[in-house]
Amino acid sequence: MKGLLGKKLGMTRIFDQDGQMIPVTLIQAGPCPVVQLKTVETDGYQAVQLGFLERKDKHTNKPMAGHFKRAGVKPSRILKEFRQSAQQNINVGDLVKADIFYPGEKLDITGTTKGRGFAGVMKRHGFHGHKSSHGTHESFRGPGAIGQCAYPGKVWKGKKMPGRMGNDRYTARNLPVIRLEPEKNLIWIKGAVPGPNGGILEIRQTKKK
């Protein structure tokens with residue numbers, strides 16, 4: 001399972017040979033130093049720990065500074081583990097870059113969606129709202145009746161209601177790589193990925209095709 005950390009730079013569009021417009025997202029993918037290798041013998045599972053975005057030494061506490069010093073790499077702001085099914089030819093201190101992927105490959109990209117704060121049912125769940133006439137008052141954008149009859153006399157759990165919207169972990173699956181620029185650590189992804197510009201992303205080889 002190939003994996004990499006990246007940062008969303010923004011969206012743009014390109015045109016193919018037939019003149020068709022393709023929406024793309026630019027992602028700064030890596031470089032990610034290998035900070036630690038997890039093994040079945042020592043940790044009970046097999047994974048590789050990657051770092052992303054350098055952090056100043058004065059902003060790193062002593063335990064984490066020792067962790068990075070043991071690996072022989074500079075401190076990183078972000079640490080993330082990527083599971084591995086088989087031992088790959090990778091060592092602590094190596095740099096993982098965008099060239100582990102190739103154009104046309106399908107990727108799963110995980111990020112945190114934009115937070116929208118407290119939202120009503122029309123924005124949060126797509127409710128239609130009420131009519132603007134024929135006796136409607138004070139509840140033009142309300143959810144309507146939420147309860148049941150005499151039985152069971154309660155509101156069911158999971159009822160679509162107003163509440164906090166966004167700021168959730170979300171994975172966009174099967175996004176193809178349109179273009180790859182390893183020298184600039186750039187990946188061009190077809191379509192949109194979760195999160196705002198500058199958001200941290202986890203890029204993995206797709207599981208479901």
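Scroll up to find the structure.
Residues numbered from 1 in each chain as written. Predicted model: local features only at pLDDT ≥ 70, side-chain atom pairs only at ≥ 80, totals over all residues. Heavy atoms only, no water.

(A) Layout of the environment of Leu-95. Along the chain, the position of Leu-95 falls in strand S6 (residues 95-96). For the pair Leu-95 and Gly-30, spaced 65 residues apart in sequence, the C-alpha to C-alpha distance is 8.4 Å. Leave out the neighbours within four places in its chain, and Leu-95 touches Pro-31, Cys-32 and Pro-33. (Helix = DSSP H or I, 4+ residues; strand = E, 2+ residues; numbered from the N terminus. Contact = heavy atoms within 4.5 Å.)

(B) View of the sheet that holds strand S10 (residues 169-181). An order of S1-S2-S11-S10-S7-S12 is seen for the six strands of this closed barrel, with the pairing classed as antiparallel. Here the strands of the sheet are splayed against their neighbours by 50 degrees on average, with no regard to which way each runs. Strand direction decides the pairing type here: strand S7 (residues 106-112) and strand S12 (residues 200-205), joined by four bridges, are antiparallel. In the sheet register, Asp-108 faces S12, and the bridge partner there is Arg-204. (Pairing = 2+ DSSP bridges. Axes fitted to C-alpha atoms, helices over the stretch in contact; angles between N-to-C directions.)

(C) Region of the structure containing unusual backbone geometry. Residue Pro-31 is bonded to the preceding Gly-30 through a cis peptide linkage, with omega at 0 degrees. Turning to its location among the elements, Pro-31 is positioned in the loop between strand S2 (21-29) and strand S3 (32-38). Following Tyr-151, the chain continues to Pro-152 via a peptide bond in cis, the omega torsion being 0 degrees. Within the element layout of this structure, Pro-152 appears in the loop between helix H3 (121-125) and strand S9 (163-166). Of note in this structure, Leu-53 is not a glycine but carries a positive phi near 65 degrees. Here Leu-53 lies in strand S4 (residues 47-54).

(D) Geometry of the side chain of Glu-105. Residue position: Glu-105 is located in the loop between S6 and S7. Judged by its relative accessible area of 4%, Glu-105 falls in the buried class. In terms of polar contacts, Glu-105 uses its side chain to reach the side chain of Lys-2, at 3.1 Å. Apart from the residues lying within four places of it in its own chain, the contact partners of Glu-105 are Lys-2, Ile-100, Leu-175, Pro-176, Val-177 and Gln-205. (Buried < 20%, exposed > 50% of the residue type's maximum accessible area, 1.4 Å probe, protein only. Polar contact = N/O pair within 3.5 Å; in protein donor to acceptor, adjacent residues only side chain to side chain.)

(E) Looking closely at the sheet that holds strand S5 (residues 76-83). Ordered in space as S5-S4-S3-S6, the four strands form an open sheet in which the pairing is antiparallel. Both edges of this open sheet fall to S5 and S6, since each of them pairs with a single strand only. Sheet topology places S3 next to S4; four bridges connect them, and they run antiparallel. If you follow Val-34 over to S4, its bridge partner there is Leu-50. Taken strand by strand, helix H2 (residues 62-71) contacts S3, S4 and S5, and its axis lies near 95 degrees from that of S3.

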